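# Architecture at a glance
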Amino acid sequence: MMKALLTKPDGRTVLMIGLSFRNLDHFRAEPLDTFITIDGSDTGGLPIDVVIFSGRTEEELAEAFADRIGPDTKLHIDPRLRS
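A short tour of the structure in this document, coming up.

### Things to note about the pattern of salt bridges
Pairs can form between side chains of opposite charge once their charged atoms are near each other. Counting across every chain of the model gives one salt bridge. Between Glu60 and Arg56 there is a salt bridge whose closest N-O contact spans 3.0 Å.

Structure representation (structure tokens):
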């Protein structure tokens, strides 16, 4: 895995995460059981940590963490995936 913190010409910060085929193979072979955690302090002192995980569908992803989604959770679902 590769991670980098970049600044775009407009000043916005971008966290880039590059996954190897090995990472992707683990995600596909072990959905909802493979997690990559990136400590924000390892990437330029971000005030947050980042977790990357996989599931078979968006519904499965949401169900896996339904008990942790509360009123302050900011959840974005791509409009193209909504029915």
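### Here's the deal with the side chain of Asn23
Note on placement: Asn23 falls in helix 1 (residues 21-29). Ignoring sequence-local partners within four residues, the contact set of Asn23 consists of Met1 and Ile36.

### Focus: the nonpolar core
By size, the foremost hydrophobic cluster in this structure holds five residues: Phe27, Ile36, Ile38, Val50 and Ile52. With near-sequence residues (within four places) excluded, Phe27 lies in contact with Leu19, Thr34, Ile36, Ile52, Phe53 and Ser54.

### Things to note about a nonpolar patch on the surface
Together, Met2, Leu6 and Met16 give the surface a local cluster of nonpolar side chains, amounting to about 260 Å² of exposed area. Within the element layout of this structure, Met16 appears in strand 2 (residues 13-18). A relative accessible area of 39% places Met16 in the partly exposed class.

### As for the packing of aromatic side chains
Within this structure, the stated rule accounts for three aromatic pairs. Consider the rings of Phe35 and Phe53, whose centres lie 6.0 Å apart with planes at 25°: the pair is stacked. Highlighted residues: Phe35 in strand 3 (residues 35-38) and Phe53 in strand 4 (residues 50-53), separated in sequence by 18 residues. Classification of Phe35 by relative accessible area gives partly exposed; the value is 42%. Residue Phe53 is classed as partly exposed on the basis of its relative accessible area, which comes to 29%. These aromatic residues form a ring-pair network of at least three members: Phe35, Phe53 and Phe65.

### Re the pairing of strand 1 (residues 2-7)
Bridge analysis of strand 1 against strand 2 gives six bridges, and the strand direction is antiparallel. Residue Thr7 lies in a different strand from strand 2, and its bridge partner there is Thr13. A loop of five residues connects strand 1 with strand 2, the two strands running antiparallel in sequence, and Gly11 in this loop sits at a positive phi of about 95°.

### Examining the side chain of Thr34
Tracing the sequence through the fold places Thr34 in the loop between helix 1 and strand 3. At a separation of 3.4 Å, a polar atom in the side chain of Thr34 contacts the main-chain carbonyl oxygen of His26. In contact with Thr34, other than residues within four places in its own chain, are His26, Phe27, Ile52, Phe53 and Ser54.

Rules behind the numbers
Residues numbered from 1 in each chain as written. Predicted model: local features only at pLDDT ≥ 70, side-chain atom pairs only at ≥ 80, totals over all residues. Heavy atoms only, no water. Salt bridge = Lys/Arg side-chain N within 4 Å of Asp/Glu carboxyl O. Helix = DSSP H or I, 4+ residues; strand = E, 2+ residues; numbered from the N terminus. Contact = heavy atoms within 4.5 Å. Core = buried A, V, L, I, M, F, W, Y, C linked by side-chain atoms within 4.5 Å. Buried < 20%, exposed > 50% of the residue type's maximum accessible area, 1.4 Å probe, protein only. Patch = residues over 30% accessible without salt bridge, like charges linked within 9 Å, V, L, I, M, F, W, Y side chains within 5 Å. Areas by Shrake-Rupley, 256 points an atom, 1.4 Å probe, with all protein chains shown as cover. Phe/Tyr/Trp six-rings, centres within 6.5 Å; stacked < 30°, edge-to-face > 60°. Pairing = 2+ DSSP bridges. Polar contact = N/O pair within 3.5 Å; in protein donor to acceptor, adjacent residues only side chain to side chain.

Read these as geometric descriptors, not functional statements.
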